[in-house]
Amino acid sequence: MGDFNAHHTHWEPSLFAAQQNRSGHSLVDFLAGSASFSLLTPPDLPTRIDPATARASTLDLCLGSGPLHLITVTTGPHIGSDHLPVILTFPSLHPPPQAPGRPRWSLRADNWHSFLEHLSSSPLPPNPSSDTAIEALADTLVVAGSHCFTFRSSQPPRLLRAPWWNRQCEAAVRAKRGAFNAWRRRPIPELRRRFHQLEARCQP
């Protein structure tokens, strides 16, 4: 996958023949002579939006062979560049199951006295340095803890967000993308100016 800067009606059917370039012809010749590689990008997929005219073009192309023919190629929302993010979806692959969180004790201060009583009434191993004694001590702690505290599974760790990201940032990005889509539908100077104003607000 890459920006080949190649124009051809093979992946841009809306082009006029005169708009095709040498890179486009070279890539079509390569694909025609290749026994394994083929074009995965669907026709007229908008991967670049001209920042001056809002005209869409298909410059970022995906080539592949074998099982890669099963992927779906789409584009994502505007994220600041004149090139839209290209998303590859593998329908035959499933995300791995989420690992459960590490279980832990739910400790309460008012149960510590009862916990200490359970420990004092349990025989401790005479030689605490041996492996068997360590295992016996661990079992004693678990039994005493199960009588006094609850044992629960913690939630899986959540992805950390940037500390500066808040609802105002979300609203600004949402407004910028809305203005971008409006400008793409109607490429007039007023909507282009509005998009660039909202884009400037999203800059650090």
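Residues numbered from 1 in each chain as written. Predicted model: local features only at pLDDT ≥ 70, side-chain atom pairs only at ≥ 80, totals over all residues. Heavy atoms only, no water.

## Here we look at the pattern of salt bridges
- Here the structure, examined in full by the defined rule, presents two salt bridges.
- One salt bridge in this structure joins Arg48 and Asp50, with 3.8 Å as the shortest N-O distance.
- Owing to a relative accessible area of 22%, Asp50 belongs among the partly exposed residues under this scheme.
- Note that Asp82 is salt-bridged to Arg48, the shortest N-O span being 3.1 Å. Placement of Asp82 in the loop between β7 (72-75) and β8 (86-89) and of Arg48 in strand β3 (residues 48-49) is noted, with a sequence separation of 34 residues between them. (Salt bridge = Lys/Arg side-chain N within 4 Å of Asp/Glu carboxyl O. Buried < 20%, exposed > 50% of the residue type's maximum accessible area, 1.4 Å probe, protein only. Helix = DSSP H or I, 4+ residues; strand = E, 2+ residues; numbered from the N terminus.)

## Focus: the nonpolar core
- Counting residues in each nonpolar core, the largest one holds eight residues, listed as Ile49, Ala54, Leu84, Ala179, Phe180, Trp183, Phe195 and Leu198.
- Of all elements in the fold, only α4 (167-185) and α5 (189-201) reach the threshold of two or more residues within this core.
- Per-element accounting of this core gives the leading share, three residues, to α4.
- Among all residues touching Trp183, those that are not within four sequence positions of it are Ile49, Asp50, Pro51, Ala52, Thr53, Ala54, Ile188, Leu191, Arg192 and Phe195.
- Within the second largest apolar cluster, six residues are counted, among which are Ala6, Leu27, Leu31 and Leu61. (Core = buried A, V, L, I, M, F, W, Y, C linked by side-chain atoms within 4.5 Å. Contact = heavy atoms within 4.5 Å.)

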